[in-house]
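Structure assessment
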Amino acid sequence: MKEALLEINNLCVDYVSANGVARAVNNVSLTIAPGETLGIAGESGCGKSTLAFAITRLHKAPALISEGEIIYNGRDVLKMSDKELRDFRWNDVSIVFQSAMNSLNPVITIGEQLTDVIVAHKRISFKQAAVKAKELLGIVGIHGDRLKSFPHQLSGGMRQRVVIAIALALEPKLIIMDEPTTALDVVVEREILNELYDLKEKFGFSILFISHDLSLMGEIADRIGVMYAGNLIEIGDAKTVFSKPSHPYTKGLIASFPTIHGPKERLYGIPGDPVNLLRLPTGCNFQDRCADCMDICKKEDPLLAELNVDYHAACHKL
Amino acid sequence: MDTTNNPEVVLSVRNMIKDFPIGQSSSKNSYMRAVNDVSFDLRKGEALAIVGESGSGKSTGARVLTRIYEKTGGDIIFKGKPLQQYIDDHGTLEYARQVQMIFQDPFGSLNPVHSIYHHIARPLLIHKRADKKVIDKLVYELLELVGLFPAVETAEKYPHELSGGQRQRVAIARALAVDPEVILADEPISMLDVSVRLGILNLMADLKDKHGISFMYITHDIATARYFAEKTAVMYVGHMVEWGNSDKVTQTPQHPYTQLLLSAVPEAGQSGRRELGAKKGEIPMWKPDTKGCPFSARCPRALDCCNESFPEVTQIADDHFIRCHNI
Ligand SMILES: Nc1ncnc2c1ncn2[C@@H]1O[C@H](COP(=O)(O)OP(=O)(O)OP(=O)(O)O)[C@@H](O)[C@H]1O
Ligand SMILES: Nc1ncnc2c1ncn2[C@@H]1O[C@H](COP(=O)(O)OP(=O)(O)O)[C@@H](O)[C@H]1O
Ligand code: SF4
Ligand code: SF4
Ligand SMILES: [Mg+2]
Ligand SMILES: [Mg+2]
């Protein structure tokens, strides 16, 4: 395996409230290699977005990183000064969030928003930056005429592309995408995915791709990590996670997505409901929904164990 | 498929039109046409999925059927009788009982100050006028039918104490309380956790297969349309462009828009760029006097006549229909 671009070791993120401490990210360790797309899947509330925010230290109170290390290119993100952090956030990593298309400033043209980002972080003139902005819009498939448009004059899909253009502006090595296409129609989603595939080929950045849509994940990711109740419960190459998942939760999750082609048979999904982070059971968090649950599962936490080279899962049965 | 063996038609829609005013003046052009010339049959114990992108008129169609909106044109025939006749005969309550709707947001559709028991007992009291003991029994039976165990305990809870999936089950139980013939489900799973979506789809499938309820299933997710519904109809800008047997529509789509839609669907293991067989283009705003096929600006197969008229219906196989000039 190539030297990691990003390495996360034993990361824990807590939300502290009057009702108690909810650990949204529990002891998560993972790596992302240069040029790799790592997908993080899991149901709502399992900690995917919390993880994404924490990596760039954009998490806000009541979230708190209580343990762990985030190593980017040999540097510890958790120890960076404010200035280092600002540079890191723009020049090294950038982020595209699900609702990002609604976070564009409504009273400033998209051209200006792009140029502002470039001028703020690169030593170039406004004029050069404007040329670059036009080029970036072209890259994400938006005509240069649109530089003078205001966000409300663009469709949701176009706005989301502008956000991707802004994320690309400083040529980061890692882009974190949290449900970047969830709010979009499937044809627009495909247009954006096509742009993304081309851009990745051209610039070679890594992607941390967060989605609850496993079909999409199975298409875009090289490796997939699956989270449940704050824990990484399975991680490995996308093909194996998809075709031969090991963890009962991953199996159930994959069996929750009917496919558009292939055999049409009754699927069973996962029984029960997602767990409450404030009321986790002793032992495996998945025990109440697991058909394979054994006595030990109710007593001891299953730990992530290596099943194969670069393939890990956390389950007592394995 | 043996067409002589089809179950009876429960709900029939013919040439349905729905216009919304867009300006101040009342001239013809200050309307937009959200649904245009839509016709279909919903059969007993079958599901018809309506797929299409945002703004294609799916919800508007369902809202016209439940009389939330009044139709602009066309006919709605329920169990052989035109909707207008229910209205004339003061039978709208009866129609409303038999055609129920469930919504995307199960929280928004439940009242936070009332218990689950109250939500389900109320329609029973209105429609059945039975005594408390009978009502109790029916409430618990319904909760069990939708998979909420233990029923007595669930009945005492309030909406905020349930998960999204459980709330949607309550919404379904409430719709079932009045013995409906038809349930119109508008994106019933899209706001739920991925791990509980299939459970709701399977519940609806059981209600359809074992209890003979007919479903109109509105969704963005064409893979779940194929999974759940016998029939699928594809909408584009208010027009039904292709419909019929779900497997035929999804496995051998014939309309250029359906082909575009299906070629875009994400699929595990299919990585890499995928060419889309259509021009990029904005989705037109349809007006009452707009002519032609709504897909013409993006269509790779467009002919001159495509700007003149919306094509008539062509049957291309058993239970498979499209509206396209260039078949
Ligand atoms: N501001 C907050 N205060 C308290 N708890 C929070 C806060 N934000 C998130 N959480 C909790 O942290 C857990 C993880 O949340 P997070 O948003 O990271 O999940 P997610 O996997 O991204 O979910 P979704 O797919 O719904 O976005 C959830 O249980 C959530 O309720
Ligand atoms: N109450 C309304 N007033 C005006 N226009 C509406 C109204 N409801 C829906 N529309 C318009 O009708 C079209 C179809 O909307 P809708 O049926 O909600 O789409 P879908 O459910 O397929 O996303 C859209 O262009 C929408 O803007
Ligand atoms: S540890 Fe036990 S309960 Fe948890 S997933 Fe494995 S078998 Fe199921
Ligand atoms: S009618 Fe014409 S424009 Fe419309 S889908 Fe068919 S070929 Fe294309
Ligand atoms: Mg999230
Ligand atoms: Mg809708």
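These lines cover the structure that appears in this document, whether it is placed above or below.

Along chain B, the regular secondary structure elements total 11 helices and 12 strands. Relative to the 2.2 N^0.38 estimate, which gives 20 Å for 327 residues, the radius of gyration of chain B is 21 Å and therefore close to what a compact globule would have. If you line up chain B on its principal axes, its C-alpha atoms span 70 × 55 × 45 Å. The buried share of chain B, taken over its 327 residues, is 53%. The contacts in chain B between residues at least 6 apart in sequence include a share of 63% that link residues at least 24 apart.

Further remarks concern the environment of D237 of chain A. Residues and elements named next belong to chain A. On the secondary structure map, D237 appears in strand β10 (residues 231-237). Between the C-alpha atom of D237 and that of D222, which follows or precedes it by 15 residues, the distance is 6.1 Å. If we skip the residues at most four places from it in the chain, D237 touches D222, R223 and Y311.

Residues L11, L30, L51, L137 and L168 of chain A are the most contacted members of the largest nonpolar core, which totals 100 residues. With 8 residues, helix α5 (residues 156-168) of chain A is the largest single contributor of residues to this core. Aside from chain neighbours lying at most four places away, what touches L30 of chain A is L6, E7, I8, L38, I40, L51, L232 and I235 of chain A. In terms of nonpolar packing, the next biggest core, distinct from the first, is built from 66 residues, A49, I172, A175 and V234 of chain B among them.

Attention shifts here to the interface of chain B and chain A. Facing the 42 residues of chain B at the interface are 44 residues of chain A. Between chain B and chain A the total buried area reaches about 3600 Å² when both faces are included, carbon and sulfur atoms providing 54% of it. Put simply, chain B and chain A have 4 salt bridges between them. D206 of chain B is the salt-bridge partner of R266 of chain A, the closest N and O atoms lying 3.4 Å from each other. The interface formed by chain B and chain A contains 26 residue pairs in polar contact (both at pLDDT 80 or more).

Turning to a nonpolar patch on the surface, a few remarks are in order. A surface patch of nonpolar side chains, amounting to about 250 Å² of accessible area, comprises V16, V21 and L64 of chain A. Looking at where V16 of chain A falls in the secondary structure, it is placed in strand β1 (residues 6-17).

Residues and elements named next belong to chain B. It is at 10 Å that the axes of helix α7 (residues 164-176) and helix α8 (residues 194-211) come closest, and there the two elements cross at 15 degrees. Between α7 and α8, the angle falls in the class roughly parallel. As for how α7 packs across α8, the hand of that crossing is right-handed. Taken together, the residues of α8 that come into contact with α7 (itself represented by G165, Q168, R169, I172 and L176) are V196, G199, I200, L203, M204 and L207. A per-class count over the contact of α7 with α8 returns 7 nonpolar, 3 polar and 1 charged.

Residues and elements named next belong to chain B. The local shell around ligand 2 consists of F20, M32, A34, E53, S54, G55, S56, G57, K58, S59, T60 and Y69. In this structure, S56 approaches ligand 2 through a main-chain N or O atom, which is 3.4 Å from an oxygen atom. In the environment of ligand 2, an oxygen atom lies 2.5 Å from a nitrogen or oxygen atom belonging to the side chain of S59. Elements with a contribution of two residues or more to the shell around ligand 2: β2 (31-43) and α1 (58-65). Partitioning the shell around ligand 2 into residue classes produces 4 nonpolar, 6 polar and 2 charged.

All right, on to the site of ligand 4 then. Close contacts around ligand 4 come from H255, P256, C293, S296, C299, R301, A302, C306, P311, C324, H325 and N326 of chain B, and that covers them all. Considered class by class, the residues forming the shell around ligand 4 number 7 nonpolar, 4 polar and 1 charged.

Moving on, we come to the state of the cysteines. Residues and elements named next belong to chain A. Within this structure, the stated rule accounts for 0 disulfides over all chains. Unpaired in terms of disulfides, C293 finds its nearest cysteine sulfur in C297, a separation of 4.5 Å. Its relative accessible area of 25% is what places C293 among the partly exposed residues.

Rules used in this analysis
- Residues numbered from 1 in each chain as written.
- Chains lettered and ligands numbered in written order.
- Predicted model: local features only at pLDDT ≥ 70, side-chain atom pairs only at ≥ 80, totals over all residues.
- Heavy atoms only, no water.
- Helix = DSSP H or I, 4+ residues; strand = E, 2+ residues; numbered from the N terminus.
- Rg over C-alpha atoms; globule rule 2.2 N^0.38 Å.
- Buried < 20%, exposed > 50% of the residue type's maximum accessible area, 1.4 Å probe, protein only.
- Contact = heavy atoms within 4.5 Å.
- Core = buried A, V, L, I, M, F, W, Y, C linked by side-chain atoms within 4.5 Å.
- Buried area = accessible area lost by both parts, 1.4 Å probe.
- Salt bridge = Lys/Arg side-chain N within 4 Å of Asp/Glu carboxyl O.
- Polar contact = N/O pair within 3.5 Å; in protein donor to acceptor, adjacent residues only side chain to side chain.
- Patch = residues over 30% accessible without salt bridge, like charges linked within 9 Å, V, L, I, M, F, W, Y side chains within 5 Å.
- Areas by Shrake-Rupley, 256 points an atom, 1.4 Å probe, with all protein chains shown as cover.
- Axes fitted to C-alpha atoms, helices over the stretch in contact; angles between N-to-C directions.
- Parallel < 35°, antiparallel > 145°, perpendicular 65-115°, else oblique.
- Left-handed = near helix turned anticlockwise from the far one by under 90°.
- Nonpolar A, V, L, I, M, F, W, Y, C, P; charged D, E, K, R; others polar.
- Near = heavy atom within 4 Å.
- Disulfide = S-S within 2.5 Å.

It is worth stressing that arrangement in space is one thing and function is another; only the former is reported here.
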